[in-house]
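Structural features, examined
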Amino acid sequence: MLDGLFLIDKEPDCTSHDVVQQVRRTLGQRKIGHCGTLDPGATGLLVLTLGRATRLTRFLIRAPKIYDGEIRFGATTDTYDRHGEITAESSIEGLEHASIVKDMEKLVGTLDQAAPPFSAKKLKGVKYYEMARRGEEVPEAKKQITVFDFAATGELRDGLLPFRLECSSGTYVRSLAHDLGQSLGCGAHLAELRRIKVGPFHVDKAVSLEQLKEQAEASTAPQEGWIPIDQVPLPFPELATDSQQSKRIIHGQSVLFRELQGEEGDWVKLVDRRGQLIAVGTVAERIGSGKVGLVQPKIVFS
């Protein structure tokens with residue numbers, strides 16, 4: 001069984017679940033998770049967790065994301081992207097690049113964003129898109145997101161504007177495109193979307209499903225797109241342990257560290273002298289006014 005991450009460059013017209021299923025079949029491994037989905041029409045980076053690394057998904061799924069894409073102005077769709085039915089059209093004569101950029105800047109910051117009617121969000125076990133397809137009213141459910149940057153990367157041509165977006169996990173890019181069109185008064189929808197980064201992971205290091213299949217058929221050890229569990233970067237400090245500390249951690253016992261950064265409740269990555277991941281824990285207690293503290297292992301890997 002493989003333990004680590006696979007970086008997959010998703011192709012269009014398949015769901016993230018489809019990708020996971022294909023990787024399961026290719027590798028003959030059932031225990032596979034993912035760190036954030038992509039809409040079927042979108043392409044780009046999917047971070048898959050395999051084996052014991054699935055226990056790290058909770059720490060990686062919240063990572064910020066970076067996207068490249070295109071917005072088409074002058075038409076609103078029911079899905080907020082090019083795959084939906086057009087619900088309204090408007091002339092974009094007189095629409096200026098400067099006006100678009102100004103309204104894009106208004107969408108930067110912390111926002112309360114509503115999920116699109118056609119989305120996988122659930123209400124009492126029923127997905128929004130199932131309700132929308134039946135013609136039922138979809139409730140407006142807002143959640144707080146953060147847009148770090150939302151900027152045009154080219155000129156407006158034939159109603160299309162290329163953009164780059166940096167945002168928090170859980171952001172609906174389709175909704176941003178829709179909201180931008182509403183604020184400009186001409187309507188808009190997401191025409192293309194490609195995810196470039198998830199936290200520290202870049203699509204340039206990812207492989208396609210076809211490349212993964214070729215690796216598997218060649219019976220070679222994973223190379224391109226593969227990150228072993230011991231090398232997975234986590235969003236918190238790393239602590240190296242001696243042999244005695246490692247033994248205690250493996251048995252779920254708390255360990256005292258003399259050079260410990262962070263506050264009580266903060267997460268830490270615990271590795272042995274060879275750099276192998278043995279556990280993830282939290283700062284359980286600070287002792288005195290110095291850097292001495294007690295770490296309690298929460299997820300043990302050895």
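What this report covers is the structure whose coordinates are included nearby. (Residues numbered from 1 in each chain as written. Predicted model: local features only at pLDDT ≥ 70, side-chain atom pairs only at ≥ 80, totals over all residues. Heavy atoms only, no water.)

**As for the overall build of the protein chain**
For clarity, the threshold we go by: Secondary structure elements follow DSSP: runs of H or I of four or more residues count as helices, runs of E of two or more count as strands, with numbering from the N terminus. Throughout, exposure labels follow a simple rule: accessible area from a 1.4 Å probe, protein chains only, divided by the maximum for the residue type, with under 20% read as buried, over 50% as exposed, and the rest as partly exposed. Whether two residues are in contact is decided by their heavy atoms, any of which lying within 4.5 Å being enough. Only the protein chains shown count as cover for residues, with accessible areas throughout obtained via the Shrake-Rupley method and a probe of 1.4 Å. Neither His nor the chain ends contribute to the count of charged residues, in which Lys and Arg are positive and Asp and Glu negative. The location of each charge is read from NZ of Lys, CZ of Arg, CG of Asp or CD of Glu.
A tally of regular secondary structure across the protein chain gives seven helices and 19 strands. In terms of overall dimensions, the protein chain has a C-alpha envelope of 70 × 55 × 40 Å along the principal axes. Taking all 302 residues of the protein chain together, 45% fall into the buried category. Residue pairs at least 24 apart in sequence account for 67% of intrachain contacts in the protein chain once pairs closer than 6 positions are excluded. Counting every atom, the protein chain has about 15700 Å² of accessible surface; 45% of that belongs to carbon and sulfur. Of the charged side chains in the protein chain, 39 are positive and 41 negative; the average position of the first set lies 9 Å away from that of the second.

**Observations concerning the packing of helix 1 (residues 16-27) against helix 6 (residues 209-217)**
Formally: To define axes, lines are fitted to C-alpha atoms, for helices over the stretch in contact only, and angles between the resulting N-to-C directions are given on a 0 to 180 degree scale. In this scheme, roughly parallel covers angles under 35 degrees and roughly antiparallel covers those over 145, while 65 to 115 is roughly perpendicular and the rest are oblique. Following the grouping adopted for this structure description, the nonpolar residues are Ala, Val, Leu, Ile, Met, Phe, Trp, Tyr, Cys and Pro, the charged ones are Asp, Glu, Lys and Arg, and the polar ones are all others, Gly among them.
Between helix 1 and helix 6, whose axes approach to 10 Å, the crossing angle comes to 10°. By the angle between their axes, helix 1 is roughly parallel relative to helix 6. Here helix 1 contributes Val19, Gln22, Val23, Thr26 and Leu27 to the contact with helix 6, which in turn contributes Leu209, Leu212, Lys213 and Ala216. For the contact of helix 1 with helix 6, the class distribution of residues is six nonpolar, two polar and one charged.

**A few points about the nonpolar core**
General note: in soluble globular proteins, nonpolar side chains tend to be found buried as a group. The condition that has to hold: In plain words, nonpolar cores are sets of buried Ala, Val, Leu, Ile, Met, Phe, Trp, Tyr and Cys residues tied together by side-chain atoms within 4.5 Å.
Counting 39 residues, the largest nonpolar core has Ile8, Leu48, Phe73, Phe150, Phe163 and Leu165 as its most contacted members. Other than its neighbours up to four places away in sequence, phenylalanine 150 contacts Ile71, Met104, Leu107, Val108, Phe163, Arg164, Leu165, Leu176 and Leu180. Counting residues in each nonpolar core, the second largest holds 25 residues, with Leu5, Ile196, Ile229 and Val280 among its members.

**Considerations on the pattern of salt bridges**
To be explicit about the condition: Note on definitions: salt bridges are taken to be side-chain nitrogens of Lys or Arg within 4 Å of carboxyl oxygens of Asp or Glu.
Applying the stated criterion to the full structure yields eight salt bridges. Here arginine 164 ties to aspartate 68 by a salt bridge, and the two come within 2.6 Å at their closest N and O atoms. With arginine 164 in strand 11 (residues 160-167) and aspartate 68 in strand 4 (residues 65-73), this residue pair connects regions lying 96 residues apart in the sequence. According to the relative accessible area criterion, arginine 164 is partly exposed, its value standing at 32%. When the shortest N-O distance is used, the salt bridge between glutamate 238 and lysine 269 registers 3.6 Å. Taken together, the positions of glutamate 238 in strand 15 (residues 238-240) and lysine 269 in strand 17 (residues 267-271) put the pair 31 residues apart, joining distant regions of the chain. Its relative accessible area of 5% is what places lysine 269 among the buried residues.

**A closer look at the sheet that holds strand 17**
In plain terms, the rule: Two strands make a pair as long as DSSP finds a minimum of two bridges between them.
Ordered in space as 15-17-18-19-16, the five strands form an open sheet in which the pairing is mixed. On the outer flanks of this sheet lie strand 15 and strand 16 (255-257), each paired with one strand and no other. Taken pair by pair, the neighbouring strands of this sheet meet at an average axis angle of 40°, ignoring direction. Where strand 16 meets strand 19 (residues 293-300), three bridges bridge the pair, whose relative direction is antiparallel. Across the sheet, the residue bridging to valine 255 is valine 295, located in strand 19. Contacts between helix 7 (residues 243-250) and the sheet are confined to strand 15, strand 16, strand 17, strand 18 (277-286) and strand 19, with strand 16 contributing the most and set at about 140° to the helix.

**A short note on the side chain of threonine 57**
Rules: Here a polar contact is recorded for every N or O atom pair within 3.5 Å, except that within protein the pair must consist of a potential hydrogen donor and a potential acceptor, and residues adjacent in sequence are included only if both atoms are side-chain atoms.
Residue placement: threonine 57 occurs in helix 2 (residues 57-60). A polar contact is formed between the side chain of threonine 57 and the side chain of threonine 49, at a distance of 2.9 Å. Not counting the four nearest positions on each side in its chain, threonine 57 is found in contact with His34, Cys35 and Thr49.

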